[in-house]
Every structure is written in C-alpha cells, then in structure tokens.
8 protein chains.
Amino acid sequence: MARMKTSKDIVRIVKKTIDLNNSVIITKINLEQFDKILKLVRNYGIIYKCKMAGLIKITKKNLEQKYSGGIIGILTGGTSDIPIAEEAKTIAIEMGCEVISEYDVGVAGVHRLFPALKKFIKKDVDVILVVAGMEGALPSVVSGLVDIPIISVPTSIGYGIGDKGIAALMTMLQSCSPGTAVVNIDNGIGAGAIAAMISNRAAQFRKKQSL
Amino acid sequence: MARMKTSKDIVRIVKKTIDLNNSVIITKINLEQFDKILKLVRNYGIIYKCKMAGLIKITKKNLEQKYSGGIIGILTGGTSDIPIAEEAKTIAIEMGCEVISEYDVGVAGVHRLFPALKKFIKKDVDVILVVAGMEGALPSVVSGLVDIPIISVPTSIGYGIGDKGIAALMTMLQSCSPGTAVVNIDNGIGAGAIAAMISNRAAQFRKKQSL
Amino acid sequence: MARMKTSKDIVRIVKKTIDLNNSVIITKINLEQFDKILKLVRNYGIIYKCKMAGLIKITKKNLEQKYSGGIIGILTGGTSDIPIAEEAKTIAIEMGCEVISEYDVGVAGVHRLFPALKKFIKKDVDVILVVAGMEGALPSVVSGLVDIPIISVPTSIGYGIGDKGIAALMTMLQSCSPGTAVVNIDNGIGAGAIAAMISNRAAQFRKKQSL
Amino acid sequence: MARMKTSKDIVRIVKKTIDLNNSVIITKINLEQFDKILKLVRNYGIIYKCKMAGLIKITKKNLEQKYSGGIIGILTGGTSDIPIAEEAKTIAIEMGCEVISEYDVGVAGVHRLFPALKKFIKKDVDVILVVAGMEGALPSVVSGLVDIPIISVPTSIGYGIGDKGIAALMTMLQSCSPGTAVVNIDNGIGAGAIAAMISNRAAQFRKKQSL
Amino acid sequence: MARMKTSKDIVRIVKKTIDLNNSVIITKINLEQFDKILKLVRNYGIIYKCKMAGLIKITKKNLEQKYSGGIIGILTGGTSDIPIAEEAKTIAIEMGCEVISEYDVGVAGVHRLFPALKKFIKKDVDVILVVAGMEGALPSVVSGLVDIPIISVPTSIGYGIGDKGIAALMTMLQSCSPGTAVVNIDNGIGAGAIAAMISNRAAQFRKKQSL
Amino acid sequence: MARMKTSKDIVRIVKKTIDLNNSVIITKINLEQFDKILKLVRNYGIIYKCKMAGLIKITKKNLEQKYSGGIIGILTGGTSDIPIAEEAKTIAIEMGCEVISEYDVGVAGVHRLFPALKKFIKKDVDVILVVAGMEGALPSVVSGLVDIPIISVPTSIGYGIGDKGIAALMTMLQSCSPGTAVVNIDNGIGAGAIAAMISNRAAQFRKKQSL
Amino acid sequence: MARMKTSKDIVRIVKKTIDLNNSVIITKINLEQFDKILKLVRNYGIIYKCKMAGLIKITKKNLEQKYSGGIIGILTGGTSDIPIAEEAKTIAIEMGCEVISEYDVGVAGVHRLFPALKKFIKKDVDVILVVAGMEGALPSVVSGLVDIPIISVPTSIGYGIGDKGIAALMTMLQSCSPGTAVVNIDNGIGAGAIAAMISNRAAQFRKKQSL
Amino acid sequence: MARMKTSKDIVRIVKKTIDLNNSVIITKINLEQFDKILKLVRNYGIIYKCKMAGLIKITKKNLEQKYSGGIIGILTGGTSDIPIAEEAKTIAIEMGCEVISEYDVGVAGVHRLFPALKKFIKKDVDVILVVAGMEGALPSVVSGLVDIPIISVPTSIGYGIGDKGIAALMTMLQSCSPGTAVVNIDNGIGAGAIAAMISNRAAQFRKKQSL
C-alpha cells in the first residue's frame, strides 16, 4: 500500500481503514519510512511487524482474533525471499490460519529441506507455499517429495538473464511434478490469500468433524 | 503422450501401462490417429473418450472406480478451450473427484456466466478451474464474484501479439482479485491434478464427518 | 510536456504557447513541481487542474469554450488509472466534447460496472474510453455488454511478468469481443484525441439535424 | 473460421449458420480448399468472394442488403496486405457501410498516397482503415495529412527482427500523430467491425438529417 | 564518455587525451556537470558545444582543421532526436566532412520534409543520416523519395510497448525501401563515423578529379 | 519472390517482369522448384544461377550489362551464409558493381580471414559486406582491422537462445569498432543495394577522374 | 549434420569425411532417414548408433580407439533428454574419455539421484554433464551435493511460457550453487567437447603420474 | 554482498564472517562506501582491494594462504570488464589458484590478443576465463586459436538493443568454436569458482606427479 506515498499519507489511510475494518496490514514500506510510521501508529492497536518485509499489521486492541483451523506451511529458498514469505504469512494469519514457516532451505543445500518437510507432514499442513527467487527450483523438488498441494511464489531475486523473477516464474510454471500452481512475481499477498482459502475449506469440515 | 508417436507405438505403451496401473489416459492424440487408436484399444477395458481433446481413457473392466468425495467446477471461456478442460476433468475424475463443467461462458457474453456460477455454489464445489485463451479475463471476473479458490489455466488460443497463450497467462498472473493461482499454458493435466488434491483434502474431512 | 524539465522551463513554454494558442494543457508534472507551477501560472487564465494526474489546463480568460456536441464516456478499472483517464478527458473537453466519467468499476467488482454503463446508454454516448491496468480485462467485458465503439487505454499499473502495462495491452489487443481498438500504454492524450474525433464526427450531423 | 477444419466440416457449419443468420462470411480458407468449398456452397445464396484473402461471403438469395449510410476508406501499404483489407471490407459491407479501397500506396512510394487521400476527402469518409505490414509507417503519414479518425491494422508481413507483424504493431502504437488507434495483427475482422460502428454512428444522424 | 564519472575525472581524461590527440569530443554529459566542465576546459583549445546533446568538442588552438570534402545530410524526426544528431554531426566534422542538418521534419508533418530533401539534393550530399525515435518511420519515407544511401539512427525516444528505441529500430530494419542500413539505438557516434567514411571515400576521388 | 508460389506462378511473373525490365532476379526458390523453374525460363535470356541460394537471374539476350565501376568485397562467416551473400552479390552486379567474394572465413578460424582482407585492400574495395550467422562476431573483427565502411548482414543460422539470427543481429549492432551499419536478418538484397549505392557514388567520381 | 539434407546427400558427405578423418559422427537424423542411412553406411566401418538421438558414429575398421584417461559423468533429468546426452557422450568418447551415464534422475524423483551421484564419486569423475529440459532444476541440486565442476545442458523439452529450453537455460544460468557453467540449448556436441577438454587435462597428469 | 546495505551493516557482517571463516571477500561495493568500509576493516587482517571492482578481500593475519597449484588465465575485452574479471580473480586466488590476467585485448584491436594468448600457452594455463561485454565476440576468437577449455563471462556493458549483457550472453552461447561454456551476466564469482575447480582438479594430479 505504501509505494510512493508519504508517511503522513499512509498513516492517514491506516487510521481510516482501522476504523472501518478493525485491522489493517501495510506492506512494502521503505526502510526510511518504517520507524517513522511505526511510531505514529503504535497506539492504534496491537502491532505485528517485520522490518525486513517492510510490513506492519495493526489489530484493534479489543478485537479477538478469529481462528479458522487452517494450517499452512511456508518455505523459502533463501533469506532474501523472507519479506515475500512474511507478507503471505501475515495475510494467512489474518484470514485465521496457523502458519508454520521454514526459511532458507533452498536446493543449493537440499539437506536442510528434509527436516522442514518432516515437520510439515507431522503437523498435517493443508497446503505448502514455496517462495523462491534465482532459479526457483525448490517447488519442483518439494512436490516430488510430498503429496500436498503447492502454491509457488517466484521472487524478484536474481540477476543477468531471467532477472526480476522471470527465470523463477518460468521454472515454476514448467515444473514437471504435478500438484503445483503459481502466482505472479513477489505476490506474497495473493499467495497468502489463496493458501488460506484452500486451507480454510479443509478446516471447515475438520472443525465440524471434531465437534 | 501421443505427440509424434505412431499409433502402433502408442497402443504398445498403452498396453504396458494398463497392465501395470489398471488404467491409462492418453491425451493430445492427432485427429488422424484418433479412430485408429480407439479401434485398437476398445477391448482393453472401459473407454471414456473426447475426440475434440484427442483424449482416450481406458479403465480395466474389473476395476471399480474409487470415489474421493471432492467436487470441482470447471469453466471455459470459449469452445476452443474445451480440449484442455476435458484433460483436467479426466485427471480429476481419475483422482476420484466429481466434476461439474460449464463451457463457453466467457466475458464476451458475461450473462452466460451467472447461472454457471450459481450451479457451482449450489453444489458447494471445493475449487474452480477456469480455462481460457485469448485475453484470459474470465478468472478475474469469476474471482470477483465468488469466494472459492480458483486455478486458472491459460490456453494457447489467440493470435498476433500475445499469441500462444502468452496474453492469457499474463492476464491471469496480473489478476487483481485475490484467490487465484495459475498453471502453465495448456496444462490441463497439471490443473486437474492440483484441483483434485485441493478438493480431496477437504473431502477427506467431509467424509469422516458424515460417517 | 513536463518530463525532466525545470518548473521555470515549463512556465516559459506555457507562456509562449498560451500567447499563440489561447489555451495550453500540461501533463505528467511531478508532484514536487505541481504547486510551484500552479502558483506561477495562476494569472495566465482560467485554470482546470488534477493533481493526481499532474495535469494543469490554462485557458485565456477571454476565450469562450467551443462546444462540439460530441459525447464521450470514460471508465477506469481502478483508482490508479484515473490520471490517464483525466488526460484523455481534458483533451476531449478541449476538442469540444462533453465527457461523462465513471472511475474504479473494474472486473474485480463487476457489479459497479452496470450502473455506469446504464448511465452511458441513457446519455447516448458516441464512444467509450476504457482505461485499465493490471489484467486489462475491462474492455472485453464492456464490449460484450454494449454496442458502442470502444477505445481501450492500457495503463502501466501492474507488477511481475507483464508489468509496465504489457499484460493489459496484450489482453486488450486479444479481446474476443468485436468493436474495440487500442492505443499505446498510458497514452491518455492520444485516446482523448481519437475519441473526440469519432464523437465530433457524429455530433456534426446531429447538430445540423437538430437545427 | 476455416483454420484446420476439413472442407466438409466448413460447409456443414456454413449451412447451419446461413439457416440461422441469413448470411455467413468464411475467411482464411487455404488455397487448396477454396475452389472445393466454393463449388459446394454455390447454391446456398449470392456469393461474394476474394481468393487472395481466402474469403467467401454467402447471402441468402431473398435477403435484401441493409444499407447503413456509413462510408469507410481502406488503404493498404503493399499488395500482401490486401487479404486482411478484404476481410475488413467484407465485414464493413455486411454491417451496411459503403467502402472505398485504395491498395498498395505505402510509404516506399509516397506519391501514390496523395490521390487516394484526395478521393477519401472528396467522398467525406467517416473513418480510414490503414492496413500495413513491414515497418507499418503508413498510418503515421496518413494521420499527419488528414483530420479523420484512423484505425491501424498491422499485418504479419515482415521478416527478421520484428517479423510476424510485431514491428508494424509497435510502430503503429508509437505513432506520434494523434488520431489513431490499433487492432491486433491481421485482425481485419475486428478492424472492419469497429470502423463500421464508428461510421454507422455518424450515418445514423446524417440519415435523419437528410430526411 | 561522461556516464557516471565525476566532472573532475572527466576533465583529467580530457587533458590527457587532448595532449595526445590534439582534439577531444565529450558526449552525454549530465546537464548538472555541463557548465562545470565547460568552465574547467575553456582554456584547453577552441570549443564547440551543444548543451542539449551534453556535447563539448575541444580542438587545440594551433590545430588546423583538415577538410576531407565529404558532404553529409542529417535529418531528425523530432526535436528530441537532436542530441543524437549533434553527436553524429560532431564526429563527421571531426573526420573532415561538411554537414548540412535539417531537424524536426518527421512524418507527422511530412510537408516539412520536402524542402529539406531538396536542399540535400542541390548540395549533392554523399549520404543521409536519418535520426528518429517513436515510430521511426522517417527513413522509409526518405529512401522512397531519394536515390542516396541512408544510415538510420533509432533514438530512445518513445513510450509504452516498443519504448527505449525498440520500435524505431525494428521499423528501420523492416524498411521496405532499399538503400538503408541501421546502427544501434542512440549510436550517434557510430552513425557519424560510418557516414564520414562513406562520404570521404567519394570525396577522395572528387578531390583528385577537381585538381 | 518465390515464397509460397507455384512454379507456374513464378514463371508467369518472371515473363511479365522480363518484358518490362529486360532483367529479373528470383531468390529464395525451394530446392524442389529450382530445376523445374530453371528449365521453364532457360530460353528467356542469359541465365546466372546459384542453386544453394535458390537464386536465378535472367538477362535479356540483347541487353548489354552496364558497368558502374563500383567495387565491393563480400565475406561470409560460414558456408551456410553463402545463399544470403549470393543474393547481395547478384543485386550488386545487377547495379553495375564488381564483386569480390571470400566465403567461410569466420572467427572460429581467424587465420583464413587475413588473406581475404589483403585481397580486398589490394583491389581497393569501396565497401565490405560481412554476412554471418551464429554469434555474428566477424564484422567486429574485420572493422578492427581495416578502414573501410562495413555493412553487416546477420543470417538466420543459429540455434537455442538467440536463434533465427537474433544473436547475430544484436552482436552486430553492439559492435564496439566504429564504421559498421547493419541490415535486417537474411536481407541480402537490401545489403547488396546499399553497398552498390555507396560504391557507385565513389565510382562516379573515380570514373570521371580517370577520363 | 543431417538437418534438411537427403539421405543420399548425407551418405556422400559421410563417405568423404571418413576417408579424410577415419571416423565420423552424424547427429539429429530424422527417424524416417535413420534406417535408410544405417543400411547405406554399414560397410564403412564399426558402427555405434542411438536411434533415439538420431545418431550414428562410424569408425574405420582398422582404427584403434585412442583412450585419454578422462572420466565424465552424464545425468539427464528425464528420458526425453537422452538424445542430447547421447550426443555429448559420443563426442566425449570420440575425444578419448570414459563416460558413465545415469538417465532419468530428475528433481521430480530426487531419490533416484543419490545412487547416481554415489557412483560418480566412487569412479572419481573429473566433470559432470547435467542434461535437463522443463524447469532445468537438476544442476542446482547436483552442484549443491557434490564438489565437482558441472556443465549444464538445457534441452528444448518444455511447453507454454519458457518453452524451447528457454526456462531451463535461464534456471541454469541463475543457479545459486557455485561451480556450474552452461552451453546453449540442445548443444550436446559442445557440452561433450568442453567436458572432454576439462577431463583430458586432468587425465594428462594422472597418466604421467601413474607411469 | 554490499548491494543496498549500509556501510555499518556490511562491516558487522564482515566481522562475523571473518571470525568464522578466517577470510572474507566483499564485492560490488558502491564507490561512496568503498573508502568508508576500507577504513573500518583495515585492522581485521591482510587487505587485498580493487576500487574499480568495488572489491575488498580480508585475510586473517595469521592465516597462511593455501596454494592449490591450479593456473588460470583471465582476459577482458575492454577496460569496463575489469571489475568482473577482478571478482573472478579474487575467488580463484582464494581457492588456491595462480591467476594470470591480460585486460583490454578485445576484438576491436585483435593484435593485442596474440601476445596475451602466447603468455597463457607458455604458462600452460588449465583454463581461460574470457570476460567481455558489448558484442561479446572475444571467446569465439580465442577458442578458435587455442585448445584450452574456456569459460565465458558476459558483462552488462552495452547499449540499445541487446544491452545489459543480453547480446554478449547470446553471442557466447551461439559460439561456433567448440570448447566454451558460459556463466550468467556479470557473474565473476561463479566464473572464478568453476575455473578454480577445473584447474585444481588438474593440479591435484600434477602435484602428486611432481612429488
């Protein structure tokens, strides 16, 4: 929301939104604006923040978080992919899901991937988000190893030919393992939203069942 | 499976596969080969076929179809998108799902869309596949109207700049309605697979619940 | 006109142009320069301005606006498309047309579109300009609903693959509804000009007829 | 309509369409199929044909052509652009317009252009279609010379970098003369349709006026 | 030479170069650096400068300009193309040629072109440089009118699809008039060099002949 | 001229053209058609032919070849580039030039290049055509070695990324040696034409001088 | 060598080459031509053939194979990549190397990869060729697991966006594991050649050492 | 490592890394940060620096450099390619190799290349890195002259079409001389790493042999 707006503009919109919606998420804030905005909004409610992702979430103090029962696993290939993963995570939590995240488990060090997947399987996650830039090979490897639907999120990390996420996007769309779909480059919010919808659908019946 | 193979080659592979797997799906058969192959395989089992999609599915006679309980809705923008939709449908049915399909409801005649969506909502589908070529605008419109996760399938229908499905793919990735993810151009099989995985996840709990 | 020129440069050119042409339109002014320029030109004539579009129009005080009788409808998909729509509007008004604009009626919330189109039909507009970024799906939907020629204007709103208006442009060129043509990305001025020419052509005979 | 269909398929569809619509246009027929189809349909009604464009139009014998009063001028840059121009012409005539066409007047021999434009101005055409491949420079030159709205149609004539109409399309979208809009490559039908809509709008008032 | 170098760096290189070569040309200087550099080098020799092109040429005072006898005509489509034209001109003059330039004679106002070409023919120029951005249509028109070899220079003027000179480059390479070749986008220096080589070749024999 | 035309069509056009122009050049004939056409035209005049280039030139028997005095050198990188070189050669000879050609002297075997260039320098050629596909590096090397204007012709020889001549074209436009310009991919005819114009210009004065 | 040449042409060239070089490799033969050519050359020497790769190698009977001592490992992602792997293998063997190949060990079934790598490490290969199409993720995974230089070969296997090997090429160039370099799409021959050069370099010292 | 990080951030990471690894290499430092960082780290160990490449290497004082025995030759086409070459060099030295570098020997002045190659052959280098931007033709020429494996490194030096290293990358991948492989644009580090691995492999046996 914060691209090319002044800190003051953002805070004014935040105020308006929180009065209407009880909660608001701001993403992609410039590092320069981050602390300034944080200071201005700190009394508006309960703050969840990730400076790396330029992300601040504010929930009205008297708002009890609804919990949907959906469970989502999020992986990133590298550390540079974390801001986009955090965007997805925040949206998914906002939509009531529980999120388990394991970062920096990319194919260049494939041994770190196995314990992360083991954890996801044990938790019986409904869907996995795989966030990766550069060669974007992680979703193919993951979907060859587990039988869970995967939403791939290419990030704009990369260089030379195929930079700005183009190589990662193409790789993810070419994936020869079935069971994956893709969102646009850096679209953490969209990925979080569809993952939450998928997960909440399953949770809806799980909950009834456990009653 | 059938691209650039002789009818005889295909039938030989079909035979081998059916002996191993009890069921086999052949897609993208040339029109010239279709009847020839159909004749050769007719005694191998129960046949499901779609000449338009160049698709033949053979199930061993004594094989009882497992039914998972998942429910999927499939839409196409035009009639040229049907072959890819049929691929997705066949895979989803193979994976145990029930599939409701409504074809040729694209944005150029948006009034045909509403009764189709009404039917999907009534049937309480778990996920919607939207198959579209040309401008690929249908998923955006659908996801603005319903609150169900959408998998978009761009098809290679189109011409001039953005042909071979490129315009449709980009449109679907740019979609400003949340709740959609995309597979590669003409990837009906991949779309069917992930939709079935999403749908079966929900069905797994629905079934237990109804016991 | 204002890209990479100093405020002083712009004002000097404005002065020269207004002396020759009795009226001048400046577009794409940086936010930083806007107020500065506005202050410098405020005595040159009657001011029409849109800060969002970085647009200032100055008409010599003693100049009576010619009115051609043409009627144009302008739609935008989102709020970010408004600056380009305002450029088109200003040009069309400058060329003597009446302009009815309805903003933020894109496909993600297609219900907002219908009352806008109803208004256009009631006013019997000669041509519709549809200004949209992201997936650029709006012109297809509109041209499937009305029987009026449409000029589509892709905007550079978007991200990831197909960004800078490329996805929107391709979508608009692929449109499967007949009756649309397209101008280049962000070309509000060109769109306003051709719409006014089309509209004024019809108005020319309408006027004679009503005499 | 005829891409990759057998002659028999086409004729069957033609029969069905003519019974419903009283008239049918077939375009892009292969040269091999042309005479075969022509022979099969010759008794269906009044035939208009252009072998170069692979185009056959059939009108039921007892159908009186409606005449809208719209007047359209069509130019082509070279002779290879004529098939697309003929498509546009046929659609425009079908929609009731009068069409004046001047072919092979491209910028490599700019002197041939002037008498063509003179004729258009004398006839007071409502809109000009400019059909051109290769460098696609003709619309820019024309729109610098006349004050009539122009619809540009890039054709897939060309070679090397920018082939398949890409260079022509980009040139037309970059045109620095105002008053032009563009349709997709080889889209003669779409161009004919929007030109007819623009032209018929003006004609509607012209007719009333002349009553 | 001046891209991303400090004014001081540039002046130091200039000093070194002029001592070795007796003359130096600096191009693409930022507007901010221009006056600063100009002031620092003013005593190094005879100055030729074009602020618009960010170009300064310095010739040692005691250096007599060699004159080769070559004659070159330079055209630009618009005023924004002048900096690149001035680069070409300066190189050509440096290589001994006489240069006649006519700026802003593009296809949007084709009537301004004819007197310019008349002047070139009267002067019997050996070669014509055509510098144009946007749709880059000027070389096609010129080469259809005169029988003189043409070097086309696409400039990075443009917007939307085909921007950064891509549309102009493609148009120039697609030109259907024979007798043109192209240099890379904004390569005024390369264009000036090859034009001078072509022109000087002819001049070499012209001079001998006139002895 | 012969792309997608029947042999009979071609011969009919050839007949017409030769009656009007006294000479005709046919290029890009399919291998299948070559002998057939050759047989049909052998009595029309004096035949020059190159089967590899699919090229036949026919000159009316009583036509004396005009000789302009221009001298052109042509190089190719490999043997696959020869057809395009032969096109250029035929056009240049048709326009009165003498052509010296040295084929298969590309950078992969750079030692073969030096004697070829020595021959060109000895003959004092006015201009060099360099025809090359794949990496297209030859013009850069040549223009670093001689002081003669160079026209580069990329050919569609290549594979993988940058195929169809795109890599060669880009390389030639990026050349860091001054003194080269480029024509579009496979445009042997255009290259021959501009080379002949450049060469004939010099020859015109050379001839006068030698009188 | 065999693209678009008749079987007879190929055999004639083969004959000539084998007389000069004692051995010849023909690649990319059409399936239709394969048996025909094989029959024609069977008496020319010792035959090595791979129908899938369209590859025939002929070594003069009395020619003793030189053995360099180099050891190369070759992996493919899928079965469709085998033809390109076989090209590389044949060239490497021709250059004296020992080749160990493990096919169809791609990331969709990553468990098959480990025993293949174990074999390579046991054999102490000097270099690994990784041949893969689709998403081309295999080199990244391999280079994260072993400390051996890797040459990646993208193949033209794939579909939709990034097809013809473009996605695989970009992925391989973006690889975030160090120690990999890439050849052009489907360039099995080039890959085999550089792998053999690298391997033979090490072998040269290994051999001396073991003397 | 230093892209978009503050000098303080970088120094903190450097400190941490050096404590763990005994040595650290920082690359792509902004010119503004260079001196600042240099000052802050000067006491951390032995400094190797290249301001042009924005590169600082720090080795703990008590760390003795391991020497592997590998020998690498590095060439650059121009002076602008030196920063990338220095990156490769630093990595290769870090990995124990001896590096001989010859800069600015590109094809525009091919005579400078021969003594450089002579030196490499005399030193018996194991592998050659060729670093080049613009047309990227140098690797083709080098691999045609020597029988040593070549790793090509395209740099982002260039302009107009094919800029940002795209033309150089394509040229290098299209190279028709066998024995070359390519890394991504500006990937000096990756190039240094694979060259060192190749070289060290040979050195490993060379060393044993010389014992």
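Reading guide: rules and limits
Residues numbered from 1 in each chain as written. Chains lettered and ligands numbered in written order. Predicted model: local features only at pLDDT ≥ 70, side-chain atom pairs only at ≥ 80, totals over all residues. Heavy atoms only, no water. Contact = heavy atoms within 4.5 Å. Least-squares fit on C-alpha atoms with pLDDT ≥ 70 in both. Axes fitted to C-alpha atoms, helices over the stretch in contact; angles between N-to-C directions. Helix = DSSP H or I, 4+ residues; strand = E, 2+ residues; numbered from the N terminus. Left-handed = near helix turned anticlockwise from the far one by under 90°. Nonpolar A, V, L, I, M, F, W, Y, C, P; charged D, E, K, R; others polar. Patch = residues over 30% accessible without salt bridge, like charges linked within 9 Å, V, L, I, M, F, W, Y side chains within 5 Å. Areas by Shrake-Rupley, 256 points an atom, 1.4 Å probe, with all protein chains shown as cover. Salt bridge = Lys/Arg side-chain N within 4 Å of Asp/Glu carboxyl O. Buried < 20%, exposed > 50% of the residue type's maximum accessible area, 1.4 Å probe, protein only. Expected span 1.5 Å × (residues − 1). Arc of directions from axis to C-beta.

Describing the arrangement of the chains
Moving on, step 1. There is a clear gap between chain A and chain D: no contact, and 19 Å between their nearest C-alpha atoms.
Moving on, step 2. Chain D shows no contact with chain G. Their nearest C-alpha atoms sit 18 Å apart.

Observations concerning the relation of the copies chain A and chain B
Moving on, step 1. Placing chain A over chain B gives an RMSD of 0.1 Å and needs a rotation angle of 180 degrees, together with 0.0 Å of translation along the axis. Expressed as a symmetry operation, the mapping of one chain copy onto the other fits a two-fold axis.
Moving on, step 2. A high fraction, 100%, of the interface residues of chain A reappear at the interface in chain B, so the copies pair face to face through one surface.

Quick notes on the packing of helix H1 (residues 7-21) of chain B against helix H2 (residues 31-41) of chain B
All names here are of chain B.
Moving on, step 1. It is the contact of H1 with H2, at a shortest axis distance of 10 Å, that shows an interaxial angle of 35 degrees. The chirality of how H1 crosses H2 is right-handed. Here Ser7, Ile10, Val11 and Val14 of H1 come into contact with H2, specifically with Gln33, Lys36, Ile37, Leu40 and Val41.
Moving on, step 2. Residues that form the contact of H1 with H2 fall into these classes: six nonpolar, two polar and one charged.

Digging into a nonpolar patch on the surface
Moving on, step 1. A cluster of nonpolar side chains, namely Phe114(A), Leu145(A), Phe114(G) and Leu145(G), defines an oily patch on the protein surface of about 280 Å² accessible area.
Moving on, step 2. By relative accessible area, which is 31% here, Phe114(G) ends up partly exposed.

Let's talk about helix H3 (residues 82-94) of chain E
All names here are of chain E.
Moving on, step 1. The end-to-end C-alpha distance of H3 is 18 Å, a good match for the 18 Å that 13 residues give at a rise of 1.5 Å each.
Moving on, step 2. Within H3, 11 of the 13 residues are buried, which leaves it mostly tucked inside the rest of the structure.
Moving on, step 3. Among the residues of H3, Ile82, Pro83, Ile84, Ala85, Glu86, Glu87, Ala88, Lys89, Thr90, Ile91 and Ala92 are the ones counted as buried.
Moving on, step 4. Phi turns positive, to about 100 degrees, at Gly96, one or two residues after H3.

Some details on the environment of Thr155(G)
All names here are of chain G.
Moving on, step 1. In this structure, Thr155 sits in the loop between strand S7 (150-154) and helix H6 (166-174).
Moving on, step 2. Judged by relative accessible area, Thr155 falls into the buried class, the value being 1%.
Moving on, step 3. Put simply, Thr155 and Ser68 are 87 residues apart on the chain and 28 Å apart in space, counted from C-alpha to C-alpha.
Moving on, step 4. Thr155 has contacts with Asp81, Ile84, Val131, Ala132, Gly133, Gly165, Ala168, Ile185 and Asp186, leaving out every residue within four places of it along the chain.

Quick word on helix H2 (residues 31-41) of chain F
Residues and elements named next belong to chain F.
Moving on, step 1. Taken together, the buried positions of H2 are occupied by Gln33, Phe34, Ile37, Leu38 and Val41. All buried residues of H2 lie within an arc of 135 degrees about the axis, which places them on one face of the element. For H2, the exposed residues lying more than 90 degrees away from the buried face are Glu32, Lys36 and Lys39.

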